[in-house]
Amino acid sequence: MREKIYTIPLSEAYETPSECPFCLLEEKLEKEAVEYALGASMMEPDSRIISNEKGYCRRHFKMMLSGQKALSLALVLETHLEESVKKLKEAKKEPSAHKMFKKGSNDELLCVVDSINSSCVICEKLTETLDKFSEVFWYLYKTESDFKQKVLKSQGFCLPHFYQLMSKIDLELSGKAKQKARAEICELEIANLERINEEVSWFTKKFDYRFTNEPWKNSKDSPQRAVLKLSKF
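About the criteria used
Residues numbered from 1 in each chain as written. Predicted model: local features only at pLDDT ≥ 70, side-chain atom pairs only at ≥ 80, totals over all residues. Heavy atoms only, no water. Helix = DSSP H or I, 4+ residues; strand = E, 2+ residues; numbered from the N terminus. Rg over C-alpha atoms; globule rule 2.2 N^0.38 Å. Buried < 20%, exposed > 50% of the residue type's maximum accessible area, 1.4 Å probe, protein only. Contact = heavy atoms within 4.5 Å. Areas by Shrake-Rupley, 256 points an atom, 1.4 Å probe, with all protein chains shown as cover. Lys, Arg positive; Asp, Glu negative; His and termini not counted. Charge placed at Lys NZ, Arg CZ, Asp CG, Glu CD. Salt bridge = Lys/Arg side-chain N within 4 Å of Asp/Glu carboxyl O. pLDDT = per-residue confidence, 0-100. Patch = residues over 30% accessible without salt bridge, like charges linked within 9 Å, V, L, I, M, F, W, Y side chains within 5 Å. Phe/Tyr/Trp six-rings, centres within 6.5 Å; stacked < 30°, edge-to-face > 60°. Lys NZ or Arg CZ within 6 Å of the ring centre and 35° of its normal. Axes fitted to C-alpha atoms, helices over the stretch in contact; angles between N-to-C directions. Parallel < 35°, antiparallel > 145°, perpendicular 65-115°, else oblique. Left-handed = near helix turned anticlockwise from the far one by under 90°. Nonpolar A, V, L, I, M, F, W, Y, C, P; charged D, E, K, R; others polar.

1. Details of the overall build of the protein chain
Then, in step 1: If you tally the helices and strands in the protein chain, you get 11 helices and zero strands.
Then, in step 2: Beginning at the N terminus, the succession of helices and strands in the protein chain can be written as α-α-α-α-α-α-α-α-α-α-α.
Then, in step 3: Over its C-alpha atoms the protein chain spans a radius of gyration of 23 Å, topping by over 25% the 17 Å that the globule rule assigns to 233 residues.
Then, in step 4: Referenced to the eigenvectors of the C-alpha coordinate spread, the extents of the protein chain come out at roughly 65 × 50 × 40 Å.
Then, in step 5: When the 233 residues of the protein chain are sorted by exposure, 36% land in the buried category.
Then, in step 6: For the protein chain, long-range pairs separated by at least 24 residues make up 70% of all intrachain contacts whose partners lie at least 6 apart in sequence.
Then, in step 7: In the structure as shown, the protein chain presents an accessible area of about 14,600 Å², 57% of it carried by carbon and sulfur atoms.
Then, in step 8: Separation between the mean location of the 38 positive side-chain charges and that of the 37 negative ones in the protein chain comes to 2 Å.

Structure follows, in structure tokens:
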């Protein structure tokens, strides 16, 4: 396959067998984003403005806490807290009857709190980047036969990334090519969901005394892999 800078991360994700290559890719991108948030981002004014404004979700704050960069995290928290306090002070006034805010509420305070709670710089970046890689996936699937064969020999995707992929198919494929690709990927996904269901079923049978002496086959970690299959990593 003719590697290009924007295809390499996706190609590398297919080098490691997994229940979802996009989960491997997302995990790698997430770790890089956390490192960036406590590293280079600290020295970039534009990045700090966005960080102060949007902050991070609990998952990504926890990852930062485990990153052993206490001072960097404290600086991020300090300026984000300052921005949050500023917003709350502005919003604590009486609700305005002349404005319509998020979720149909006219209470600006609730909207501000909801905005602080729901925004995360890293989550937004990951969604944007994975959307682009979903488009790259279909481009490679259409143009690179060896990539297509890797995909069709893989173990499919987790359902969230399967949804993300299928929502992007119209951007790169059309007509009969799209119909064929859609059928192939759906067949791949269904076959692998059936596979893991059979493995989970065998896992449960192993707790029945009648199957005590039977081999575990590939079922010992099937519950963990089933969770990965049904949800994002």
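We are not done yet, so read on.
2. Quick look at the pattern of salt bridges
Then, in step 1: Tallied over the full model, the rule gives 19 salt bridges.
Then, in step 2: A salt bridge links glutamate 19 to arginine 195; the shortest N-O distance between them is 2.8 Å. You can see glutamate 19 sitting in the loop between helix H1 (8-13) and helix H2 (21-37) and its partner arginine 195 sitting in helix H10 (residues 175-205), a full 176 residues away along the chain.
Then, in step 3: Between lysine 180 and glutamate 184 there is a salt bridge, with the nearest N and O atoms lying 2.4 Å from each other. A residue pair is termed a helical-turn pair when its members lie 3 or 4 positions apart in one helix, as lysine 180 and glutamate 184 do in helix H10 at four residues.
Then, in step 4: On the basis of relative accessibility, which here comes to 17%, the residue glutamate 184 falls in the buried class.

3. With respect to the confidence of the model for the protein chain
Then, in step 1: Per-residue confidence for the protein chain gives a mean pLDDT of 91; residues scoring 70 or more make up 92%.
Then, in step 2: The spread of mean pLDDT over the elements of the protein chain runs between helix H6 (residues 108-118), the lowest at 88, and H10, the highest at 98.

4. Quick word on the environment of arginine 58
Then, in step 1: Secondary-structure assignment places arginine 58 in helix H4 (residues 58-65).
Then, in step 2: Given a relative accessible area of 67%, arginine 58 falls into the exposed group.
Then, in step 3: Spatially, the C-alpha atom of arginine 58 lies 9.0 Å from that of cysteine 120, the residues being 62 residues apart in sequence.

5. A short note on unusual backbone geometry
Then, in step 1: Positioned with a positive phi, glutamine 68 is a non-glycine residue whose angle comes to about 55°.
Then, in step 2: By the element assignment, glutamine 68 lies in the loop between H4 and helix H5 (70-91).
Then, in step 3: Accessibility expressed as a relative area gives 76% for glutamine 68, which makes it exposed.

6. Quick look at a nonpolar patch on the surface
Then, in step 1: Nonpolar side chains collect at one region of the surface, where Leu88, Leu109 and Val113 lie side by side and expose about 180 Å² of accessible area between them.
Then, in step 2: Here leucine 88 lies in helix H5.

7. Here's the deal with the packing of aromatic side chains
Then, in step 1: Evaluated as defined, the whole model comprises 13 aromatic pairs.
Then, in step 2: When the ring of phenylalanine 137 is compared with that of phenylalanine 157, the centres are 5.8 Å apart and the planes differ by 80°; the resulting orientation is edge-to-face. Taken together, the residues span a long stretch of sequence, with phenylalanine 137 in helix H7 (residues 121-143) and phenylalanine 157 in the loop between helix H8 (145-152) and helix H9 (159-166) at a distance of 20 residues.
Then, in step 3: The buried category is assigned to phenylalanine 157, whose relative accessible area is 0%.
Then, in step 4: The ring of tryptophan 202 has lysine 217 lying over it, and the distance from NZ or CZ to the ring centre is 4.0 Å.

8. Thoughts on the packing of H7 against H8
Think of two packed helices as two axes; the pair is described by the angle between the axes and how far apart they sit.
Then, in step 1: Orientation of H7 relative to H8, taken along the N-to-C sense of each, is 110°, at an axis distance of 6 Å. Taken together, the axes of H7 and H8 lie roughly perpendicular to each other. Considering the relative orientation of H7 and H8, their crossing is left-handed. Between H7 and H8, the contacting residues are Phe137, Leu140, Tyr141 and Thr143 on the first element and Ser145, Phe147, Lys148, Val151 and Leu152 on the second.
Then, in step 2: When its residues are assigned to classes, the contact of H7 with H8 shows six nonpolar, two polar and one charged.

9. Let's talk about the side chain of lysine 87
Then, in step 1: Along the polypeptide, lysine 87 turns up in helix H5.
Then, in step 2: Apart from residues lying up to four places away in sequence, lysine 87 is in contact with Glu53, Val112 and Ile116.

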